[in-house]
There are 2 protein chains.
Amino acid sequence: MGDKAVGFVGLGIMGRPMARNLMRAGYSLTVYDVVGSAVEELVTDGAQSAGSAREVAERTPVVITMVPDSADSEAAILGEGGALEGASPGSAVLDMSSIAPATSQKIGAACDAAQVEFLDAPVSGGEPKAIDGTLAIMVGGKREAFERHKEIFDILGSSIVLCGGYGAGNTTKLANQIVVAANIEAVAEALVLAKKAGLDPNTVYQAIRGGLAGSTVMDAKAPMIIEGDFKPGFRVRLHQKDLHNALLTGKDLGVPLPVTSLVQQMLGALINDGKGDADHSAIANFIEDMAGVTVSGE
Amino acid sequence: MGDKAVGFVGLGIMGRPMARNLMRAGYSLTVYDVVGSAVEELVTDGAQSAGSAREVAERTPVVITMVPDSADSEAAILGEGGALEGASPGSAVLDMSSIAPATSQKIGAACDAAQVEFLDAPVSGGEPKAIDGTLAIMVGGKREAFERHKEIFDILGSSIVLCGGYGAGNTTKLANQIVVAANIEAVAEALVLAKKAGLDPNTVYQAIRGGLAGSTVMDAKAPMIIEGDFKPGFRVRLHQKDLHNALLTGKDLGVPLPVTSLVQQMLGALINDGKGDADHSAIANFIEDMAGVTVSGE
């Protein structure tokens, strides 16, 4: 197997299209996932299957991991049967999962000790941009490793920024998720207030979108809230996980995050209410329920 | 005095340039302010002075009011010596102050009873856009009155939207201010977290501004927070007043506004800390103080 061999661990909604884009770009892929059907799908597309993350690392010089949360990254890389058990000195692990920065730092230190390169490289943009290969990729780690593996990121994304050392990619991702969540919540408060005051929410949206209140979130989510269409998109469950990691990071660093914590609690309430798989714009449902009105209603 | 005579009550930071733009457009102006020096300045520019809002209304068919808050609007229009005492049936009062929608509704009802047209028409954009005549103007009231007086708004602003009946202009303004304040606060939490994690805040800003987190607020205020430059701009004191009016309106309508109330409390704390006249991006100071770090620091 040549230099263009890559391993991919974690073939979920994001991992599958990312792995396919690498194959399309000429990489020979060895894949692993705990879900056998996800592996079979990629094997049909031409990938080789392996029985564990360790086996993937034994067979490829670069292993990409794309798993749900901190514990999963730790298991896939540092755990029994994990990538580090199979990785040779000089090989690399690129963790593209969105996890707590402290976990990325722990994994980075373990990789250093094993002379394995490591980058944390979480992404933003969701499934559509994973399919299009236009993700935003926020990277933490050493500059030499970043330069060496940038050609892989260039296949998967259109904005690739080295943000600092181990964990900096995930810290930047958390900064992103804090702003997005708070902005959705504020748009929801504004539209619910306007609705209950008897105004047409779409008129209010049109009147304020061109001014200082305007944002990518407002243009993406206000129409969904106005229509009452909460099809994902990015799920409540995942945004709650990201804000949980933001709060853990804030606690570690001594940074109180009052609005983040409030919105994180709202997302938790929505999950309890059976809305964990709705789009994160369903934060509006929390405000609507409190106010006894729906923005999309008559 | 012909049809192009207009009265202007309230010659503060916003009112002065607005009044000047009307004179420049050929309107003959009669002005009043409790501060004599502000009146003299406009008289030097060619305006006539009057001794009270009532006298302004006696002498002009259209009176614009631009005062700080609900009680000031009520005094200038409904109070003793106020515009309604001097206004003839068929004349008009255009209140361009940012106040509580319930007060606009009360003033509108009183104007209806006196057969005086009324519009609430608060603005967004601050002093620079007042000077340029490019304010965003959010209007509440009757469509006929809106059509009749739109030529005045067209001189003062570049985006003029009729949002509904009496109070709808101010409700829309509150929706705007809710989103702006929460977004500043979230950008502050994100940048403080990144700073204390040891990242370069400007790199984080550049990495996330092009994605879903991007906004007009982020591009206007993140650079100020990163530089530690809180020169106004729009003042903490005024944004606190607007959010106070949002909370009053929420209470009247039965709309809980959890993030708005939290940020309003932060603005109150900043005022107690002597920062009432700083730019509203100084919300970042609240988070910085809690975290014991400054985003602009070494």
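What you see is a predicted model, and the numbers here were worked out from it, not measured in a lab.

## What to know about the relation of the copies chain A and chain B
Consideration 1: Of the transformation superimposing chain A on chain B, the axial component is 0.0 Å and the angular component is 180°, with the fit at an RMSD of 0.0 Å. One copy is carried onto the other by what is essentially a two-fold rotation axis. No C-alpha of chain A lies nearer the rotation axis than that of serine 215 of chain A, which sits 1.9 Å from it.
Consideration 2: Most of the interface of chain A is mirrored in chain B: 100% of its interface residues are interface residues there too.

## Digging into helix α2 (residues 36–44) of chain A
Residue and element names in this part refer to chain A.
Consideration 1: Restricting attention to buried positions, one finds in α2 the residues Ala38, Val39 and Leu42. The buried residues of α2 all sit within an arc of 100° when viewed along its axis, so they share a single face. Opposite the buried face of α2, at more than 90 degrees from it, the exposed residues are Glu40 and Thr44.
Consideration 2: At its buried positions, α2 is contacted by α1 (15–24), β2 (28–32) and β3 (48–49).
Consideration 3: Immediately downstream of α2, the backbone of glycine 46 shows phi near 120°, a positive value.

## Side note on the interface of chain A and chain B
Consideration 1: Taken together, the contact pairs 57 residues of chain A with 57 residues of chain B.
Consideration 2: Across the chain A to chain B interface the summed buried area is about 4,600 Å²; carbon plus sulfur atoms make up 77%.
Consideration 3: Taken as a group, Glu189, Leu193 and Leu212 of chain A account for 16% of the area that chain A buries against chain B, more than any other trio of residues on that side.
Consideration 4: Linking chain A to chain B there are zero salt bridges.
Consideration 5: At the boundary of chain A and chain B, one finds 10 residue pairs in polar contact (both at pLDDT 80 or more).
Consideration 6: Looking at the side of chain A that touches chain B, the elements with two or more residues in it are β9 (157–164), α9 (168–196), α10 (201–208), α11 (216–227), α12 (236–253), α13 (258–272) and α14 (283–291) of chain A.

## Side note on the domain arrangement of chain A
Residues and elements named next belong to chain A.
Consideration 1: Each assigned domain of chain A is listed here: domain 1 (5–165) and domain 2 (172–291).
Consideration 2: For domain 1 versus domain 2, the distance between C-alpha centres works out to 29 Å.
Consideration 3: Contact with domain 1, which involves 14 residues of that partner, is made by 10 residues of domain 2.
Consideration 4: Interface area for domain 1 against domain 2, summed over the two sides, is near 840 Å², with a carbon-plus-sulfur share of 58%.

## Considering the side chain of glutamate 117 of chain B
All names here are of chain B.
Consideration 1: With respect to the helices and strands, glutamate 117 occurs in strand β6 (residues 117–120).
Consideration 2: At 2.2 Å, the side chain of glutamate 117 forms a polar contact with the side chain of arginine 148.
Consideration 3: When near neighbours in sequence (up to four residues on either side) are disregarded, glutamate 117 contacts Ser91, Ala92, Val93, Ala145, Arg148 and His149.

## Brief notes about the environment of serine 159 of chain A
Consideration 1: Note that serine 159 of chain A resides in strand β9.
Consideration 2: Considering only alpha carbons, one finds serine 159 of chain A and leucine 78 of chain A, 81 residues apart in sequence, at a separation of 29 Å.

## Observations concerning the environment of aspartate 69 of chain B
All names here are of chain B.
Consideration 1: Positionally, aspartate 69 belongs in the loop between β4 (62–65) and α4 (70–78).
Consideration 2: The exposure class assigned to aspartate 69 is partly exposed, which follows from its relative accessible area of 21%.
Consideration 3: Once residues lying within four places of it in the same chain are set aside, the contact partners of aspartate 69 are Ser98, Ile99, Lys241 and Asn245.
Consideration 4: A polar atom in the side chain of aspartate 69 sits 3.3 Å from the side chain of serine 70.

## Regarding the nonpolar core
Consideration 1: Judged by nonpolar contacts, the single largest core of 98 residues is most densely connected at Ile178, Ile208, Met218 and Val263 of chain A together with Met218 and Val263 of chain B.
Consideration 2: The residues contacting methionine 218 of chain B, other than those within four sequence positions of it, are Val179 of chain A together with Val187, Tyr205, Ile208, Arg209, Ala213 and Pro223 of chain B.

## Comments concerning the pairing of strand β4 (residues 62–65) of chain A
The side chains of a regular strand alternate, residue by residue, between the two faces of the sheet.
All names here are of chain A.
Consideration 1: The two faces of β4 match: Val62 and Ile64 on one face and Val63 and Thr65 on the other face are all buried.
Consideration 2: Where strand β1 (residues 5–9) meets β4, three bridges bridge the pair, whose relative direction is parallel. Across the sheet, the residue bridging to valine 9 is threonine 65, located in β4.

## Digging into the pattern of salt bridges
Residue and element names in this part refer to chain A.
Consideration 1: Per the counting criterion, the structure on display carries 34 salt bridges over all chains.
Consideration 2: Between glutamate 117 and arginine 148 there is a salt bridge whose closest N-O contact spans 2.2 Å. Of this pair, glutamate 117 sits in strand β6 (residues 117–120) while arginine 148 is found in helix α8 (residues 143–156), placing the two residues 31 residues apart along the sequence.
Consideration 3: Counted as one network, the salt bridges with shared partners bring together Arg16, Arg20, Glu41 and Asp45.

## As for helix α1 (residues 15–24) of chain B
Consideration 1: Burial runs high along α1 of chain B: seven of the 10 residues are buried.
Consideration 2: Count one or two residues on from α1 of chain B and you reach glycine 26 of chain B, which has phi positive near 100°.

## As for the side chain of glutamine 177 of chain B
Consideration 1: By secondary structure assignment, the location of glutamine 177 of chain B is in helix α9 (residues 168–196).
Consideration 2: With sequence-adjacent residues up to four places away left out, glutamine 177 of chain B is seen in contact with Phe234, His239, Asp242 and Leu243 of chain B.

## Points about the pairing of strand β2 (residues 28–32) of chain B
Residue and element names in this part refer to chain B.
Consideration 1: Note that strand β1 (residues 5–9) and β2 share five bridges and pair parallel. Bridging across to β2, phenylalanine 8 finds its partner in valine 31.
Consideration 2: For the handedness criterion, the β-α-β arrangement of β1, α1 and β2 is classed as right-handed.
Consideration 3: Two elements, β2 and strand β3 (residues 48–49), share two bridges in a ladder whose sense is parallel.

## As for the packing of aromatic side chains
Aromatic rings in a pair are described by how distant their centres are and how their planes are angled relative to each other.
Consideration 1: This model, assessed by the stated rule, comprises two aromatic pairs over all chains.
Consideration 2: Against the face of tyrosine 27 of chain A rests lysine 4 of chain A, its NZ or CZ located 4.4 Å from the ring centre.

## A word on the packing of α13 of chain A against α14 of chain A
Residues and elements named next belong to chain A.
Consideration 1: Contact geometry for α13 and α14: axes closest at 9 Å, N-to-C directions at 85°. Put simply, α13 runs roughly perpendicular to α14. Every residue of α14 that contacts α13 at Val263, Met266, Leu267, Ala269 and Leu270 is listed here: Ile283, Asn285, Phe286 and Ile287.
Consideration 2: Split by residue class, the contact of α13 with α14 holds eight nonpolar, one polar and no charged.

## Thoughts on unusual backbone geometry
Consideration 1: For the peptide bond that leads from proline 232 of chain A to glycine 233 of chain A, omega is 0°, which places it in the cis range.
Consideration 2: With respect to the element layout, glycine 233 of chain A can be found in the loop between α11 and α12.
Consideration 3: In the Ramachandran plot, glutamine 115 of chain B falls in the positive-phi region, its phi being about 55° despite a non-glycine side chain.
Consideration 4: Here glutamine 115 of chain B lies in the loop between α6 (101–113) and β6.

Cut-offs and rules
In every chain, residue numbers begin from 1 and rise along the written sequence. Here chains are named by letter from A upward and ligands by number from 1 upward, in the order in which they appear as written. With the structure being a predicted model, the display of local features is reserved for residues of pLDDT at least 70 and the display and counting of side-chain atom pairs for 80 or more, all residues being used for whole-chain, interface and lining totals. Note that water and hydrogens are dropped before the side-chain values are worked out from all heavy atoms of the structure. Residues below a pLDDT of 70 in either copy are left out; the C-alpha atoms of the rest, at least 70 in both, set the least-squares superposition of the copies. Contacts were defined at the residue level, with two residues in contact if any of their heavy atoms lie within 4.5 Å. Burial classes follow relative accessibility: with a 1.4 Å probe on protein chains only, a residue under 20% of its type's maximum area counts as buried, one over 50% as exposed, and anything between as partly exposed. Under the DSSP-based scheme used, a helix requires at least four consecutive residues in state H or I and a strand at least two consecutive residues in state E, with every element numbered from the N terminus. Regarding the arc, it is the one traced by the directions from the helix axis to the C-beta atoms. Once two parts are put together, the accessible area they lose, assessed with a 1.4 Å probe and summed over both, is termed the buried area. Every case where a carboxyl oxygen of Asp or Glu lies within 4 Å of a side-chain nitrogen of Lys or Arg is listed as a salt bridge. Contacts described as polar in this section are N or O atom pairs within 3.5 Å, which, within protein, must combine one atom able to donate a hydrogen with one able to accept it, while residues neighboring in sequence count only if both atoms come from side chains. Domain start and stop points were drawn from an automatic or database domain assignment. What makes a nonpolar core is a set of buried Ala, Val, Leu, Ile, Met, Phe, Trp, Tyr and Cys residues whose side-chain atoms join them at distances within 4.5 Å. Here, strands pair whenever DSSP counts at least two bridges between them. Handedness of a crossover is defined as follows: with both strands directed away from the viewer, a clockwise route from the first strand across the helix to the second makes it right-handed. Only the six-membered ring of Trp is used, alongside the rings of Phe and Tyr, when aromatic pairs are assigned; centres must lie within 6.5 Å, and planes under 30 degrees apart are stacked while those over 60 apart are edge-to-face, with the rest tilted. Working rule: Lys NZ or Arg CZ, within 6 Å of ring centre, within 35 degrees of ring normal, means a charge sits over the ring. All axes here are fitted lines through C-alpha atoms, helices being fitted over the stretch that makes contact, and every angle between N-to-C directions spans 0 to 180 degrees. In these notes the angle categories are as follows: under 35 degrees is roughly parallel, over 145 is roughly antiparallel, 65 to 115 is roughly perpendicular, and the rest is oblique. The classification used treats Ala, Val, Leu, Ile, Met, Phe, Trp, Tyr, Cys and Pro as nonpolar, Asp, Glu, Lys and Arg as charged, and all other residues, Gly among them, as polar.

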